[in-house]
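Survey of secondary and tertiary structure
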Amino acid sequence: MSEPIRTVHMAMPRVVVEDGEPVLPVAKLRDSASASRTGCPFHDVRHMLREVGLRPTRQRLALGWLLFAKGDRHVSAEILHEEAIKARFPVSLATVYNTLHQFTEVGLLRELAVDGSKTYFDTNPTDHHHFFVEGENNLVDIPSASVEVERVPEPPEGYEVARIDVVVRLRPKRRS
């Protein structure tokens, strides 16, 4: 007997348009004046996850709270895993990676590959650019208005530009 085929549905971010600007659920979570905030971090994260079509599992709730409770920031899976362990939430590194990628797929996070081997996840998924402080492995936001990209190459046929990420690398000035 063959096993039935299961269809997997990808959750698409539910974007609300307010005053002509798209607002993702994570932005409403950060906004203390938002009507959807209750003051209970787990309830707010649960609501945000449901808005984007993710089931609010125990792991997603805990990792979402750790990610979004501290405002805009850049974390690696290893950093988040360490924070979860310190918060006495036993979770595997694989679960952290899976959750970060699920959050990215629905638009709650933005993935940034730096140095090819290091990936950071930005809790601010809006269009903006970054400074990368070499030696410290630290990312700092650059407002998108501060960077102008004049010429973008034509993408190959059948493709479109999804976004442009500018990472400006910084290091301390060398003394003369």
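Everything here concerns the structure above.
Source: prediction; values computed, not measured.

The antiparallel open sheet is built from three strands, whose spatial order is E3-E5-E4. Strands at the two margins of the open sheet, each flanked by one partner only, are strand E3 (74-75) and strand E4 (110-114). Summarising the sheet, E3 and strand E5 (residues 118-122) pair through two bridges and their orientation is antiparallel. Bridging across to E5, Val75 finds its partner in Phe121.

Going through the model one piece at a time under the given rule, you end up with one aromatic pair. Between Phe68 and Phe103 the ring centres are 6.2 Å apart and the planes differ by 25°, which places this aromatic pair in the stacked class. Remark: Phe103 occurs in helix H5 (residues 93-105) and Phe68 occurs in helix H3 (residues 58-68); sequence separation between them is 35 residues. For the pair shown, Phe68 and Phe103 are each scored as buried.

Running from amino to carboxyl end, H3 crosses helix H4 (residues 77-86) at an angle of 110°, the nearest separation of the two axes being 10 Å. Here H3 lies roughly perpendicular to H4, going by the angle between them. Facing Leu63, Leu66 and Leu67 of H3, the residues of H4 in contact are Leu80, Glu83 and Ala84. When the residues that make up the contact of H3 with H4 are grouped by side-chain class, the tally is five nonpolar, no polar and one charged.

Glancing now at the pattern of salt bridges. One pass over the full model with this rule turns up six salt bridges. Across the pair Arg73 and Glu83 runs a salt bridge, and its minimum N-O distance is 2.7 Å. Linking Arg73 in the loop between H3 and E3 with Glu83 in helix H4, this pair joins segments that are 10 residues apart in sequence. Of the residues examined, Glu83 reaches a relative accessible area of 16% and is grouped as buried. With a shortest N-O distance of 2.3 Å, Asp165 and Arg110 are connected by a salt bridge. Of this pair, Asp165 sits in the loop between strand E7 (138-142) and strand E8 (167-170) while Arg110 sits in strand E4, and the two are 55 residues apart along the sequence. According to the relative accessible area criterion, Asp165 is partly exposed, its value standing at 36%. Taken together, the shared-partner salt bridges connect Lys70, Arg73 and Glu83 into one network.

Conventions used here
- Residues numbered from 1 in each chain as written.
- Predicted model: local features only at pLDDT ≥ 70, side-chain atom pairs only at ≥ 80, totals over all residues.
- Heavy atoms only, no water.
- Pairing = 2+ DSSP bridges.
- Helix = DSSP H or I, 4+ residues; strand = E, 2+ residues; numbered from the N terminus.
- Phe/Tyr/Trp six-rings, centres within 6.5 Å; stacked < 30°, edge-to-face > 60°.
- Buried < 20%, exposed > 50% of the residue type's maximum accessible area, 1.4 Å probe, protein only.
- Axes fitted to C-alpha atoms, helices over the stretch in contact; angles between N-to-C directions.
- Parallel < 35°, antiparallel > 145°, perpendicular 65-115°, else oblique.
- Contact = heavy atoms within 4.5 Å.
- Nonpolar A, V, L, I, M, F, W, Y, C, P; charged D, E, K, R; others polar.
- Salt bridge = Lys/Arg side-chain N within 4 Å of Asp/Glu carboxyl O.

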